[in-house]
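This is what each chain is made of:
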Amino acid sequence: MMNDMQSVFRDTIFALSSGRLPSGVAVIRLSGPDVRFVIETIMSGMPEPRKATYRSFHSRDSELLDRGLVIYFPGPGSFTGEDCAEFHLHGGAAVIDRFLSELSSFKNCRIAEPGEFTRRAFSNGKMDLTVAEGLADLIAAETESQRRLALQAASGVQHGLYMGWRKELLQARALIEAELDFADESDVPGSVSQQVWRNMDDLTVRIDKHLADGKRASIFRDGLHVAIVGAPNAGKSSLLNQLAGREVAIISEEAGTTRDLIEVKLDLGGIPVFVTDTAGIREASSVVEKIGIARAHERAASADVVLLLEDMCDPEQVALSDIEGEIWRIGNKMDLPGADMQTALDYRISARSGEGIDELIDAIRQFAEAKAGTISDALPTRRRHMNLLEAAKLNIVEAIEGESLSLELRAEHLRRASQTLGRITGDVDVEDILDVIFSQFCIGK
Ligand SMILES: Nc1nc2c(ncn2[C@@H]2O[C@H](COP(=O)(O)OP(=O)(O)OP(=O)(O)O)[C@@H](O)[C@H]2O)c(=O)[nH]1
Ligand SMILES: [K+]
Ligand SMILES: [Mg+2]
């Protein structure tokens, strides 16, 4: 469909494609030239294509392996483009072990590498790289926004966008060619390429916007990072436990309890939020505590939001430096009569009673959502895409600004931009990166 290469693989691959055992049902998937032979041998005869058929499965020495469903997907109209099959079996560890070892005993049949099914699908032109990556992301998606983003990529939205841009580049080059061919004829105005450069300007604006959207959307992949910092005993670990809804960190009245960074992951409005508890900041004498405090400073510096926690009964200023993100001043221990409610603070809470915690969580959620924006258009979902988009844009800019260059050279910059976009989708020259991309998949996909 998208690639015109058709690859022929000698091996038939198989893997357990469903989750961890034991499970109610386990699905073993096969793909390759010997799929028909394997099915015929194991269940004597072939089922109707693409129809779930209930059968008994036997080993070659006629031992009953299991009873279950088999579905046969003849190539090329299958996921990988090859003959494929699925066996739906009872999800017991011994059942699956026995079945897999039976499959291994067939000539040219072997366990699939991670991502090998999808890689075959890509090689057989069933999908482009952005779709393949979207599928991997879909399987890895843990939050609602990650799911939506991945599903867009898996549905080919990005692919369509980049193909469209490549077409624009192709048209621009065609117009330049035409201008070169007719340069000496007086009736073709030199303004053809003026129009080309205006179009190319417009294209760089769209690529820039797409890149900016991608930067915002990276929050869905990388998450929002929140650091809790403050003086010892301010109640940082108590706050972490409140946010996590469980006892993650040790709480005690002893100042200097927390030494290491303790991180929990929350799902706030579909966005992964990583909250880190840190060592209380003070002039420490112990070596270990000093290391902990240095880590606290580092984490605060790189966080998107620093929750600077202060004990309202015992206010103490903590100095932070090189902070990249926002600092929110949080007053703690509002449940105590001695709490000073006069100080200017962003939020007041009790990490012991839980008062004010919901408001704080809401504020973090809103901050994350505002930072992420809305997912409506196609977005570049990976650093790989972003890097190639940057490179393509630079090629176009070189062409636009190269007024002192020959038209041929300027057209060559546009050709490179198109090639670079082609590397995102895998339509051009990508053999060198396929191993890296597909090894990130899980086995059975
Ligand atoms: N009354 C009251 N006590 C609190 C509150 N938050 C924390 N505490 C108490 O304050 C003490 C210190 O709490 P921690 O959560 O360990 O404080 P921390 O900031 O993590 O301390 P270090 O890890 O030592 O820096 C404990 O005795 C907590 O029970 C609060 O909101 N109200
Ligand atoms: K403490
Ligand atoms: Mg602590």
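Quick caveat, the model's predicted, so the values are computed rather than measured. (Residues numbered from 1 in each chain as written. Chains lettered and ligands numbered in written order. Predicted model: local features only at pLDDT ≥ 70, side-chain atom pairs only at ≥ 80, totals over all residues.)

## Considerations on the environment of F220
Logical step 1: Residue position: F220 is located in helix α7 (residues 192-222).
Logical step 2: Overall, F220 belongs to the buried group, with 26 C-beta atoms counted inside 10 Å.
Logical step 3: As a C-alpha pair, F220 and A174 span 46 residues in sequence and 39 Å in three-dimensional space.
Logical step 4: Setting aside anything within four residues of it in sequence, one finds F220 in contact with S145, Q146, L149, I271 and A372. (Helix = DSSP H or I, 4+ residues; strand = E, 2+ residues; numbered from the N terminus. Buried ≥ 20, exposed ≤ 12 C-beta atoms within 10 Å, placed from the backbone. Contact = placed C-beta atoms within 7 Å.)

## Describing the packing of helix α6 (residues 157-181) against helix α12 (residues 407-425)
Logical step 1: It is at 9 Å that the axes of α6 and α12 come closest, and there the two elements cross at 165°. Between α6 and α12, the interaxial angle falls into the category roughly antiparallel. Where α6 crosses over α12, the two elements pack in a sense that is left-handed. For the pair α6 and α12, the contacting residues are H159, Y162, M163, W165, R166, L169, L170, A172, R173, I176, E179 and L180 in the first and L407, A411, L414, R415, A417, S418, L421, G422, I424 and T425 in the second.
Logical step 2: In terms of residue class, the contact of α6 with α12 is made up of 14 nonpolar, four polar and four charged. (Axes fitted to C-alpha atoms, helices over the stretch in contact; angles between N-to-C directions. Parallel < 35°, antiparallel > 145°, perpendicular 65-115°, else oblique. Left-handed = near helix turned anticlockwise from the far one by under 90°. Nonpolar A, V, L, I, M, F, W, Y, C, P; charged D, E, K, R; others polar.)

## Some remarks on the sheet that holds strand β11 (residues 326-332)
Logical step 1: The six strands are arranged β8-β9-β7-β10-β11-β12 in an open sheet whose pairing can be described as mixed. Edge positions in the sheet fall to β8 (262-268) and β12 (347-348), since each of these pairs with one other strand and no more.
Logical step 2: Sheet analysis places β8 next to strand β9 (residues 271-277), joined by seven bridges and oriented antiparallel. Bridge assignment links K265 to a residue of β9, and that residue is F274.
Logical step 3: Strand contacts of helix α9 (residues 287-302): β7 (224-230), β9 and β10 (305-311), with the helix running at about 140° to β7, the strand carrying the most contacts. (Pairing = 2+ DSSP bridges.)

## Topic: the UniProt feature "binding site: (6S)-5-formyl-5,6,7,8-tetrahydrofolate" (unreviewed entry) in the protein chain
Logical step 1: Feature annotation in UniProt places "binding site: (6S)-5-formyl-5,6,7,8-tetrahydrofolate" (unreviewed entry) on R29, E86, K126 and K445, given in this structure's numbering.
Logical step 2: Those residues in contact with R29, other than ones at most four positions away along the chain, are F14, A15, S17, C84, E86, F117 and G444.
Logical step 3: By secondary structure assignment, the location of K126 is in the loop between α3 (116-123) and α4 (129-140). (UniProt positions renumbered as here; feature names shortened; annotations may be inferred.)

## Re helix α10 (residues 357-372)
Logical step 1: Given a rise of 1.5 Å per residue, 16 residues ought to cover 22 Å, and the 23 Å separating the end C-alpha atoms of α10 matches this to within 8%.
Logical step 2: Looking at α10, one finds that the buried residues are L360, I364, F367 and A368. For α10, the angular spread of buried residues about the axis comes to 95°, placing them on one side. Away from its buried face by more than 90 degrees, α10 exposes D358, E359, D362, Q366 and A370.
Logical step 3: If you follow the buried residues of α10, they end up packed against α7, β7, β8, β9, β10 and β12.
Logical step 4: The first or second residue beyond α10 is G373, which carries a positive phi of 70°. (Expected span 1.5 Å × (residues − 1). Arc of directions from axis to C-beta.)

## Re the site of ligand 1
Logical step 1: Neighbouring residues of ligand 1: 22 residues in total, closest G235, S237, S238, T258 and G280.
Logical step 2: Looking at the shell around ligand 1 element by element, the count peaks at three residues for helix α8 (residues 236-244).
Logical step 3: Counted by class, the shell around ligand 1 contains six nonpolar, 11 polar and five charged residues. (Near = placed C-beta within 6 Å.)

## Considering the nonpolar core
Logical step 1: Residues V226 and V273 are the most contacted members of the largest nonpolar core, which totals 100 residues.
Logical step 2: When neighbours within four sequence positions are excluded, V273 is seen to be in contact with G223, L224, V226, L266, L268, I364 and A368. (Core = buried A, V, L, I, M, F, W, Y, C linked by C-beta atoms within 7 Å.)

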